[in-house]
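Geometric and topological summary
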Amino acid sequence: MVIEKQRKKQISFIINTAINELEYIKLLLNSLKTNLDSKEHEILVFVDNDNQGTYEYLKSIKREFYDLKIITHKLPPCIGYSRNNNLLVELAKHNIVSYLQSDMVISPHYDTDLLDKIKPNTILSATRVEPPLHGESNKTITKDFGLYPEKFNLEEWNKYSVTIKKEEELDYFFAPVTFYKDVWLNIGGYDTLFRRSREDSDLVQRCLHKGIQLTQTFSAVVYHFTCTSSRGKDWFCIDNTKAQNRIKLQEQADQIELKRFVRKWGGFNHGEEKLNKYDIDLEIKNSSKIPLHIIKNIEPLFSRVYIDDPIINKMLLDDSFKEHDLANKLLNFTDEQWSITSKYHNLVDYNSIFKVQNDHMLEYNVKLVVDGETLDQSDFKVINTIHKIIENYEKGEYEYGNLKLSISNKIKSNQIICNNPEFDMDLIIIKSV
């Protein structure tokens, strides 16, 4: 009786789409129309960037759905994945929200499967069936139903997918995800700091610290073509030069996102354990003796980096202006467009990180002193694990090889609630009738 009542609840399905994804959207919406048990769910599709007439197509099929809302905007060229997902959650009218990536296909009874498993204070992940493009994993099911939506057989998928559902769960997070709306809103959703990747891992860390349960169920499944939005639809074609060049750009952009993640959390994982970043000042003596790229690589581990050479400090600050070049290239932003839209993203304030320091620091919570004259490879084992060291050490003065560590106060700098810049909702266009 409880289950029957639960199944009458409605879900807001949220989807974002951009360039070169029209055929994927067609297939996903067809699977929603065919496989949902209730026809009264809300479906919101955010067209963030459009080069194939996706918006017009959606308008042409709108009457085939009970409540399909088409959302676009007035910003060039796109709002971005993290922000538009947050906007979709805010705009959803139902208390239960389910996010689907544009290159996914749902299985029969998907809504019922989700409603049977969703709980308060939980983010529920469905299980992905994927073509054999990645290594085997206990979190996914490998089965080849094609690499492109045009060749996908929905009827065969529907027959197969119902046979693999099982009552099994893992503690894990990946899209597609379903949750109560307030769970997402109460932690601030995705951080708009992340433009090309790592927004999921950041959300996972905040969930761990906030006590939000992350559960993957094998009783709700989707087919996932994989990586089409980040790497492009032909990313697996090794003879496609354009596609492979895009992968290289994405890999470089991902390294920038990884640094942003480490800057927030002091390390990286995808939920294996809570990460704690402490407020640490790095004091670099003889900084001109250290290659610039090494300072850039270790900077994210620290709250502030004090440089004893103003020229080195200026070079580091000047280089920070290039931080968004790769993401802008992948997202087709011009410099002028980014200058207009950047105010809607969380940005790193490098002027608060890189500072000129000629004398010893008198006030600090934790301080690590590095000397460019004596720094060697063995010191990086300490630098790269500095937050674990602080976590397990008391106040005091320590020496590790050529490094000097001073612990005065152990202050965590974790940001559990994400505060994104306020967005101008007048820029949003919603077609709901």
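For the structure itself, consult the block above.
All of the points below concern the structure found in this document. From a predicted model like this one, the values you see are computed outputs, not experimental measurements.

A word on the overall build of the protein chain
Assigned secondary structure in the protein chain consists of 16 helices and 17 strands. For a compact globule of 433 residues, the expected C-alpha radius of gyration is about 22 Å, and the protein chain comes in at 24 Å, within 12% of that figure. Here the C-alpha coordinates of the protein chain stretch approximately 70 × 50 × 45 Å along the principal axes. Put simply, the protein chain has 433 residues, and 57% of those count as buried. In the protein chain, the proportion of contacts linking residues at least 24 apart, taken out of those at least 6 apart, comes to 79%. When the accessible area of the protein chain is evaluated, it comes to approximately 19,900 Å², of which 48% is carbon and sulfur surface. Averaging the locations of the 57 positively and 64 negatively charged side chains of the protein chain gives two centres separated by 3 Å.

Points about the side chain of Thr192
Mapped onto the elements of the fold, Thr192 is located in the loop between helix H7 (181-186) and helix H8 (199-210). In this structure the side chain of Thr192 is engaged in a polar contact, spanning 2.9 Å, whose partner is the backbone nitrogen of Asn346. A polar contact is formed between the side chain of Thr192 and the side chain of Asn420, at a distance of 2.8 Å. Apart from the residues within four sequence positions on either side, Thr192 is in contact with Ser82, Arg83, Tyr344, His345, Asn346, Asn420 and Pro421.

A closer look at the sheet that holds strand E13 (residues 354-356)
Reading across from one edge, E13-E12-E11-E14-E16-E15 is the order of the six strands in this open sheet, with mixed pairing throughout. Single-partner strands in this sheet number two, and they are E13 and strand E15 (396-400). Taking each pair of neighbouring strands and ignoring which way they run, the sheet shows an average axis angle of 20 degrees. Two elements, strand E11 (residues 281-285) and strand E14 (residues 366-371), share five bridges in a ladder whose sense is parallel. From the neighbouring strand, Asp281 faces E14, where its bridge partner is Lys367.

Here we look at the layout of surface pockets
Within this model, the second largest pocket holds a volume of roughly 510 Å³. The dominant element in the lining of the second largest pocket, judged by the number of residues it contributes, is helix H10 (residues 241-265), at three residues. Along the lines of polarity and charge, the residues of the lining of the second largest pocket split into seven nonpolar, six polar and seven charged.

Digging into the nonpolar core
Counting 60 residues, the largest nonpolar core has Leu29, Leu32, Leu100 and Ile123 as the members making the most contacts within it. Here this core gets five residues from one element, more than from any other, and that element is strand E2 (residues 42-47). Setting aside residues no more than four positions away along its own chain, Leu100 makes contact with Phe13, Ile14, Ile15, Asn16, Leu28, Leu32, Ile106, Tyr110, Pro176 and Val222.

Notes on the environment of Asn419
Here Asn419 lies in the loop between strand E16 (403-407) and strand E17 (428-431). For the pair Asn419 and Ile187, spaced 232 residues apart in the sequence, the C-alpha separation amounts to 8.6 Å.

Some thoughts on the pairing of strand E6 (residues 122-130)
With nine of its nine residues buried, E6 lies for the most part within the structure. As judged from the three bridges shared by E6 and strand E9 (residues 177-180), these two strands associate in the antiparallel manner. If you follow Ile123 over to E9, its bridge partner there is Phe179. In the sheet, E6 pairs with strand E7 (residues 140-142) via three bridges, with the strands oriented parallel. Residue pairing across strands places Val129 opposite Ile141, the latter belonging to E7.

Describing the environment of Gln357
Summarising the element assignment, Gln357 is placed in the loop between E13 and E14. Placed 48 residues apart in sequence, Gln357 and Asp309 show a C-alpha to C-alpha distance of 7.9 Å. Setting aside residues no more than four positions away along its own chain, Gln357 makes contact with Tyr306, Ile307 and Asp308.

Quick word on unusual backbone geometry
Here the residue pair Pro76 and Pro77 is connected by a cis peptide bond, since its omega of -20 degrees sits within 30 degrees of zero. For Pro77, the location among the structural elements is in the loop between strand E3 (68-73) and helix H4 (81-91). Ala175 connects to Pro176 through a cis peptide bond whose omega is 10 degrees. Along the polypeptide, Pro176 turns up in the loop between strand E8 (169-170) and E9. Phi at Asn20 takes a positive value of approximately 65 degrees, unusual for a residue other than glycine. Mapping Asn20 onto the fold places it in the loop between strand E1 (11-17) and helix H2 (22-35). We classify Asn20 as partly exposed; its relative accessible area is 37%. One non-glycine residue, Asn332, adopts positive backbone phi at about 65 degrees.

So, how was this worked out
Position numbers for residues start from 1 in each chain and track the written sequence from start to end. Predicted model: local features are reported for residues with pLDDT of at least 70 only, side-chain atom pairs are reported and counted for 80 or more only, and whole-chain, interface and lining totals are derived from all residues. To get the side-chain values, take all heavy atoms of the structure and skip hydrogens and water. Helix and strand assignments follow DSSP, with helices taken as H or I runs no shorter than four residues and strands as E runs no shorter than two, numbered in order from the N terminus. The atom set for the radius of gyration is the C-alpha atoms, and the globule formula is 2.2 Å times the number of residues raised to the power 0.38. Relative accessibility thresholds used throughout: buried, under 20% of the residue-type maximum; exposed, over 50%; partly exposed, between the two (1.4 Å probe, protein chains only). When checking whether two residues touch, look at their non-hydrogen atoms; a contact exists if any pair is within 4.5 Å. Under the convention used here, a 1.4 Å probe and the Shrake-Rupley method define accessible areas, while residue burial counts only the protein chains that appear. Counted as positive: Lys and Arg. Counted as negative: Asp and Glu. His and the chain ends are not counted at all. Each charge is placed at NZ for Lys, CZ for Arg, CG for Asp and CD for Glu. Here a polar contact is recorded for every N or O atom pair within 3.5 Å, except that within protein the pair must consist of a potential hydrogen donor and a potential acceptor, and residues adjacent in sequence are included only if both atoms are side-chain atoms. When DSSP finds two or more bridges between two strands, those strands count as paired. Each axis is a line fitted through C-alpha atoms, and for a helix only the stretch in contact is used; angles between axes span 0 to 180 degrees, taken between their N-to-C directions. Buried and open spaces are told apart on a 1 Å grid over the protein atoms alone, a cavity being a set of points where a 1.4 Å probe fits but cannot get out and a pocket being an open set with protein on both sides within 12 Å along at least five of seven lines. Residues with an atom within 4 Å of a point are the lining residues. Grid points are joined across faces, edges and corners, and a volume is the space filled by probe spheres set on the points. Gly falls in the polar group here, along with every residue not listed as nonpolar (Ala, Val, Leu, Ile, Met, Phe, Trp, Tyr, Cys, Pro) or charged (Asp, Glu, Lys, Arg). Side-chain atoms within 4.5 Å link the members of a nonpolar core, which is a set of buried Ala, Val, Leu, Ile, Met, Phe, Trp, Tyr and Cys residues.

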